[in-house]
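Below, each chain spelled out in residue letters.
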Amino acid sequence: MGLAPRSLALGCMAIILALQMAMAEYPNWMLNGKAQVFADLSAQEIEAVHSFLMSRPELELRPSGTQALDKNSVFLIEMLLPKKKDVLEFLDKGTKLPVREARVVIFFSAQEHPNVTEFAVGPLPQPIYMRELSLRPAKHRSWASRPMSKAEQSLLYHKIKEATTPLQKFFLDTTGFSLEDCNGQCLTFTHVAPHSVESRHRATWFLLQRIVKDHLLQPTGLEILVDHGSTNVQDWRVEQVWYKDKFYSSPEELAQKYADGEVDTVVLKDPLPKNTEQPQIFIKPGGEFPMPLSESGPHVEQGNGSRYRLEGNTVFYKGWSFSFQLQPSSGLRILNVHFRDEPIAYEISVQTAMAVHRENTPAGELTKTMDLGWGMGSVTHELAPGINCPGTATFLDVIHYYDTDGPVRHPRALCIFEIPTGVPVRPIFNNDFPGKINFFSDVMGHKLVLRATSALYNFDYIWDFVFYTNGMLSAKMHATGYTHTTIYTPEGLGETHLMTHQLGNSHTHLVHYRVDLDVAGTNNSFHTLQTRQKNATNPGSRRHHLVQDTMEKTQYSQERQATFPFGQTLPPFLLFSSPQRDIWGHRRSYRLHIYSTSKQKLTSESQEDLAFTWARYSLAVTKYWESERCSTSIYNQNHPWDPPVVFEDFLQNNESIEDQDLVAWVTVGFSHGPHSETVPSMTSARNFVGFSLRPFNFFYIIERHLGTAATDLSDTKSLGTGSA
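Residues numbered from 1 in each chain as written. Predicted model: local features only at pLDDT ≥ 70, side-chain atom pairs only at ≥ 80, totals over all residues. Heavy atoms only, no water.

Q: Talk me through the overall build of the protein; I want residue IDs and the actual numbers.
A: The number of helices and strands found in the protein is seven helices and 36 strands. Buried residues in the protein amount to 53% of all 724 residues. On the protein, roughly 33,100 Å² of surface is accessible, and the fraction owed to carbon and sulfur atoms is 52%. (Helix = DSSP H or I, 4+ residues; strand = E, 2+ residues; numbered from the N terminus. Buried < 20%, exposed > 50% of the residue type's maximum accessible area, 1.4 Å probe, protein only. Areas by Shrake-Rupley, 256 points an atom, 1.4 Å probe, with all protein chains shown as cover.)

Below, the structure is given as structure tokens:
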């Protein structure tokens with residue numbers, strides 16, 4: 001062979017080798033950049049959508065920042081996922097790229113009958129059309145159900161300051177703080193949700209609080225109910241004032257009765273006991289976090305570089321591949337999850353988080369905070385290297401449009417890192433009883449973590465998706481924050497008395513996930529395995545009997561059958577199976593394991609419960625429908641009596657779930673009882689809940705000895721024999 005033909009042959013071999021390596025390294029759906037179908041909106045796309053909308057004269061849009069409510073404005077712009085069927089055909093069969101669109105929420109208040117309307121705007125990156133996004137039949141979005149905008153909050157704060165002017169002496173006498181010219185001793189108002197006390201009514205309870213050391217908030221015992229349903233701020237009014245277990249019709253009435261000596265007051269003392277250990281708090285108005293940290297400790301080291309690879313919003317790690325998004329409305333989700341080039345799940349997403357308080361004040365009795373209504377993904381904050389994530393992590397910015405007038409960059413809102421699991425992935429030792437060691441594992445387990453946070457009022461949620469090298473993945477929520485206290489009342493004696501005039505109130509946190517499983521494909525079934533005991537004859541002695549454990553299988557064929565009430569003990573094996581079977585005849589499956597510490601069913605079947613009927617179930621399994629992508633909405637928070645999305649409706653048809661595209665809806669929660677160690681802040685060490693997905697007869701087992709099994713997905717090495 002001559003030089004030229006030989007070079008050509010070598011070149012062809014190199015190309016073939018490169019293609020083979022690419023095919024092995026990338027799943028099929030990632031080739032040719034197909035994963036861009038899952039990309040979040042870029043700043044340029046958001047600007048294009050905003051410009052397109054502002055150019056439509058019939059919309060009569062004004063900037064969101066305008067300090068008025070009687071205006072039309074764009075509240076939210078985020079990526080709208082195409083239909084699942086279209087995406088999978090594009091990824092798997094190479095059909096036409098689905099049209100890229102944005103979801104837009106517009107507040108129309110500059111009209112006789114204000115409303116909230118959602119649109120799909122496309123095609124991106126150069127939009128030319130908008131179409132209204134409809135709800136399920138007989139559902140609608142009321143004007144009173146809209147999330148509270150920054151402009152509305154600002155106008156409310158000024159209204160309350162104006163309305164409480166007669167109470168300035170009362171404030172100084174009872175708290176030592178003031179709203180005006182406070183010079184470091186300032187009062188503020190915080191509000192609770194829902195922003196209504198009855199259907200189609202926009203009214204909010206506000207709590208007067210002292211801003212004390214390290215920006216902690218201390219209740220004063222004064223609460224004010226403000227009606228702000230009108231688009232004309234001049235029509236807003238104070239409906240009620242509550243102080244020390246008594247109601248007053250107005251601030252003027254309370255001020256007059258105080259001047260007449262008819263009000264039993266509470267004079268607040270120091271907010272914290274002396275010698276209370278304070279957390280290390282970094283005030284970061286715009287600079288860098290202090291590095292190195294003042295306290296030394298163990299650190300994660302990156303030896304030979306990271307073992308994961310990031311391309312856009314797609315991650316590759318030890319057989320895993322997935323895309324991710326951080327939606328400004330709902331927060332973190334992962335998409336098109338594959339392991340070893342086989343589909344595991346199409347979407348795993350946070351739907352909402354919820355805190356239910358039971359407090360002996362007007363505001364506390366009402367509080368049911370459904371965090372989707374506060375923009376869970378928009379309240380993300382910068383993650384600090386070495387504090388929120390290891391210093392070796394990869395940090396990513398995100399760009400959002402939420403209650404603003406343009407794209408806003410959130411620096412270091414996400415992080416990705418690999419850390420040891422702390423235990424080996426295989427048996428540590430094996431001996432043959434005479435004392436010889438046949439092998440031992442030298443491989444420490446590792447996992448990849450994708451992390452984001454949401455800071456909502458006094459609580460911070462840490463959202464993790466964790467990927468293990470053996471094909472298991474988990475979703476976790478850690479909770480931390482500052483203890484929310486209320487003023488001491490005799491009726492609150494059942495709660496924890498934390499400070500002189502403050503009670504720590506027990507409350508429950510719930511988190512809801514959507515898990516769209518595609519275990520080796522979109523046709524899946526659901527069944528459980530439960531351990532039962534049975535009597536059996538002893539093979540060695542026919543006269544004696546044994547009690548043996550056996551696994552009892554229950555197949556679920558309808559949606560209603562596959563609902564498990566919250567707080568009820570779940571079967572230990574919750575299995576989602578493909579029709580495909582391994583070589584032993586087992587259906588290839590993934591096992592869902594839910595870890596939740598709250599067992600109390602929080603919701604009664606009342607009209608108000610309609611907004612969060614998802615909380616009735618630890619697990620519900622439904623057939624996939626495009627119209628059932630979310631179990632709740634950003635409007636459920638403020639209008640729970642007639643919400644636009646009711647999860648219970650998903651179960652009404654009681655459809656077949658055998659060999660169908662299935663969705664698992666998972667609710668987890670924990671109850672928090674404040675105690676002295678949680679003042680002023682709570683740690684995240686034990687406050688976590690979530691679920692895991694584990695392979696269960698999923699892999700085709702070819703050889704069943706260490707090092708050659710198809711299920712040996714780690715880097716475990718056999719080191720030969722040795723002696724003890």
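From this point on, the discussion continues.
Q: So what's going on with empty space enclosed by the protein? Which residues, and what values?
A: Counting across every chain of the model gives four cavities of 30 Å³ or more. Estimates place the volume of the largest cavity at around 110 Å³. Forming the boundary of the largest cavity are 16 residues, of which Leu-69, Lys-71, Ser-73, Phe-107 and Ser-149 lie nearest the centre. Listed by contribution, the elements that provide at least two residues to the lining of the largest cavity are strand E1 (72-80) and helix H4 (150-163). Tallying contributions element by element places E1 first for the lining of the largest cavity, with three residues. Here the lining of the largest cavity is built from residues that sort into eight nonpolar, four polar and four charged. (1 Å grid on protein atoms, 1.4 Å probe; cavity = no way out; pocket = protein on both sides within 12 Å on 5 of 7 lines; lining within 4 Å. Points joined across faces, edges and corners; volume = space filled by probe spheres on them. Nonpolar A, V, L, I, M, F, W, Y, C, P; charged D, E, K, R; others polar.)

Q: So, the side chain of Ser-73: which residues are in play, and what are the values?
A: Mapped onto the fold, Ser-73 is located in strand E1. When neighbours within four sequence positions are excluded, Ser-73 is seen to be in contact with Leu-61, Arg-62, Ser-64, Val-105, Ile-106 and Phe-107. (Contact = heavy atoms within 4.5 Å.)

Q: Give a detailed account of the packing of aromatic side chains, specifying residues and quantitative values.
A: Inspection of every chain in the model, using the stated rule, returns 26 aromatic pairs. Considering the side-chain rings of Phe-526 and Phe-576, the 4.9 Å spacing of their centres and the 35 degrees angle between planes classify their relative orientation as tilted. With Phe-526 in strand E27 (residues 525-538) and Phe-576 in strand E30 (residues 573-581), this residue pair connects regions lying 50 residues apart in the sequence. An angle of 65 degrees between the planes, with centres 5.8 Å apart, marks the rings of Tyr-556 and Phe-564 as edge-to-face. Given a relative accessible area of 10%, Tyr-556 falls into the buried group. Among the aromatic side chains, those forming a connected cluster through ring pairs are Trp-320, Phe-322, Phe-339, Phe-467, Tyr-590, Phe-698 and Phe-699. One residue, Arg-412, lies across the ring of Phe-395, its end atom 5.6 Å from the ring centre. (Phe/Tyr/Trp six-rings, centres within 6.5 Å; stacked < 30°, edge-to-face > 60°. Lys NZ or Arg CZ within 6 Å of the ring centre and 35° of its normal.)

Q: Give me helix H6 (residues 251-259): which residues, what numbers.
A: Taken together, the buried positions of H6 are Pro-251, Leu-254 and Ala-255. Seen from one end, H6 has its buried residues packed into an arc of 100 degrees, which puts them on one side. Trailing H6 by a residue or two, Gly-261 shows a phi angle of about 75 degrees, which is positive. (Arc of directions from axis to C-beta.)

Q: Explain unusual backbone geometry residue by residue, including any values.
A: Each neighbour pair has its own omega, and for Gly-122 with Pro-123 the value is -15 degrees, a cis peptide bond. Locating Pro-123 in the fold gives a position in the loop between strand E3 (115-122) and strand E4 (129-132). Cis geometry is adopted by the peptide bond preceding Pro-125, which originates at Leu-124 and carries an omega value of 15 degrees. In this fold, Pro-125 is placed in the loop between E3 and E4. With a phi close to 60 degrees, Ala-520 is a non-glycine residue in the positive phi region. Overall, the relative accessible area of 13% leaves Ala-520 in the buried class.

Q: Which residues make up helix H3 (residues 84-93), and what values go with them?
A: Those residues of H3 that sit buried are Lys-84, Val-87, Leu-88, Phe-90 and Leu-91. Buried residues of H3, seen end-on, are gathered within an arc of 160 degrees and therefore sit on one face of the element. Away from its buried face, by an angle of more than 90 degrees, H3 presents the exposed residues Lys-85 and Lys-93. Contacts from the buried residues of H3 go to strand E13 (331-339), strand E14 (342-357) and strand E26 (507-517).

Q: Describe the nonpolar core, listing the residues and the values that go with them.
A: Counting 63 residues, the largest nonpolar core has Trp-463, Tyr-513, Phe-526, Leu-619 and Phe-691 as its most contacted members. If we ignore the near neighbours within four places in the chain, the residues touching Leu-619 are Phe-526, Ala-562, Thr-563, Phe-564, Leu-574, Leu-592, Ile-594, Ala-664, Trp-665 and Val-666. (Core = buried A, V, L, I, M, F, W, Y, C linked by side-chain atoms within 4.5 Å.)

Q: Could you give an account of the pattern of salt bridges, naming the residues involved and the relevant values?
A: For the structure on display, the rule yields 32 salt bridges. Among the ionic contacts, a cluster of salt bridges with common partners joins Glu-78, Arg-103, Glu-118 and Arg-141. (Salt bridge = Lys/Arg side-chain N within 4 Å of Asp/Glu carboxyl O.)

Q: Residue-level account of the layout of surface pockets, with values.
A: The calculated volume of the second largest pocket comes to roughly 1,200 Å³. In terms of lining, the second largest pocket is formed by 41 residues, of which the most central are Leu-80, Leu-133, Glu-626, Arg-629 and Cys-630. Among the secondary structure elements, those contributing two or more residues to the lining of the second largest pocket are E1, H3, strand E2 (101-108), E4 and E14. Among the elements that line the lining of the second largest pocket, the one with the most residues is E14, at four residues. Across the lining of the second largest pocket, the residue classes tally to 15 nonpolar, 10 polar and 16 charged. Counting contributing residues, the lining of the second largest pocket receives three or more from each of domain 1 (36-134) and domain 3 (326-352 + 369-431 + 446-483 + 506-526 + 554-696). (Domains from an automatic or database assignment.)

Q: Any details on the state of the cysteines? Residues and values, ideally.
A: Here, disulfide denotes a covalent bond that connects the sulfur atoms of two cysteines. Summed over the entire model, instances satisfying the criterion amount to two disulfides. A sulfur-sulfur separation of 1.8 Å characterises the disulfide bridge that pairs Cys-182 with Cys-186. Given an S-S torsion of about 65 degrees, the disulfide between Cys-182 and Cys-186 has right-handed geometry. Between the sulfur atoms of Cys-389 and its disulfide mate Cys-415 the distance is 2.1 Å. Between Cys-389 and Cys-415 the disulfide shows an S-S torsion of about -80 degrees. By sign, it is left-handed. Residue Cys-389 is located in the loop between strand E15 (368-370) and strand E16 (394-402), and its partner Cys-415 is located in strand E17 (residues 408-424); the two are separated by 26 residues in the primary sequence. (Disulfide = S-S within 2.5 Å.)

Q: So what's going on with the side chain of Asn-313? Residues and values would help.
A: In this fold, Asn-313 is placed in the loop between strand E10 (308-311) and strand E11 (314-317). Within the local environment of Asn-313, its side chain forms a polar contact with the backbone oxygen of Phe-38, the two atoms lying 3.1 Å apart. Among the polar contacts made by the side chain of Asn-313, one reaches the main-chain carbonyl oxygen of Phe-324 at a distance of 3.0 Å. Beyond its immediate stretch of four places on either side in the chain, Asn-313 contacts Ala-35, Phe-38, Ala-39, Asp-40, Phe-322, Ser-323 and Phe-324. (Polar contact = N/O pair within 3.5 Å; in protein donor to acceptor, adjacent residues only side chain to side chain.)

Q: Quick one: what's the story with the environment of Trp-614, residue by residue and with numbers?
A: Assignment of secondary structure puts Trp-614 in the loop between strand E31 (587-595) and strand E32 (617-623). For the pair Trp-614 and His-512, spaced 102 residues apart in the sequence, the C-alpha separation amounts to 7.6 Å. Trp-614 has contacts with Thr-352, Met-354, Leu-510, His-512, Ser-631, Thr-632, Phe-647 and Thr-667, leaving out every residue within four places of it along the chain.

Q: Lay out the pairing of E2 in plain terms, naming residues and giving numbers.
A: Consecutive residues of a regular strand have side chains that alternate between opposite faces of the sheet. Where burial is concerned, most of E2 is hidden: eight out of the eight residues are buried. Neither face of E2 is open: one carries Glu-101, Arg-103, Val-105 and Phe-107, the other Ala-102, Val-104, Ile-106 and Phe-108, and all of them are buried. As paired elements, E1 and E2 share eight bridges and run antiparallel to each other. Note on E2: the bridge partner recorded for Met-79 is Ala-102. Direction of pairing for E2 relative to E3: antiparallel, over a ladder of seven bridges. Counterpart to Ile-106 in the pairing with E3 is Thr-117. Between E2 and E3, which follow one another and run antiparallel, lie six residues. (Pairing = 2+ DSSP bridges.)

Q: Tell me what's going on with the environment of Ser-692, and back it up with residues and numbers.
A: Looking at where Ser-692 falls in the secondary structure, it is placed in strand E35 (residues 688-696). C-alpha of Ser-692 to C-alpha of Leu-473: the two residues are 219 residues apart in sequence and 5.7 Å apart in space. In terms of polar contacts, Ser-692 uses its side chain to reach the side chain of Arg-694, at 3.3 Å.

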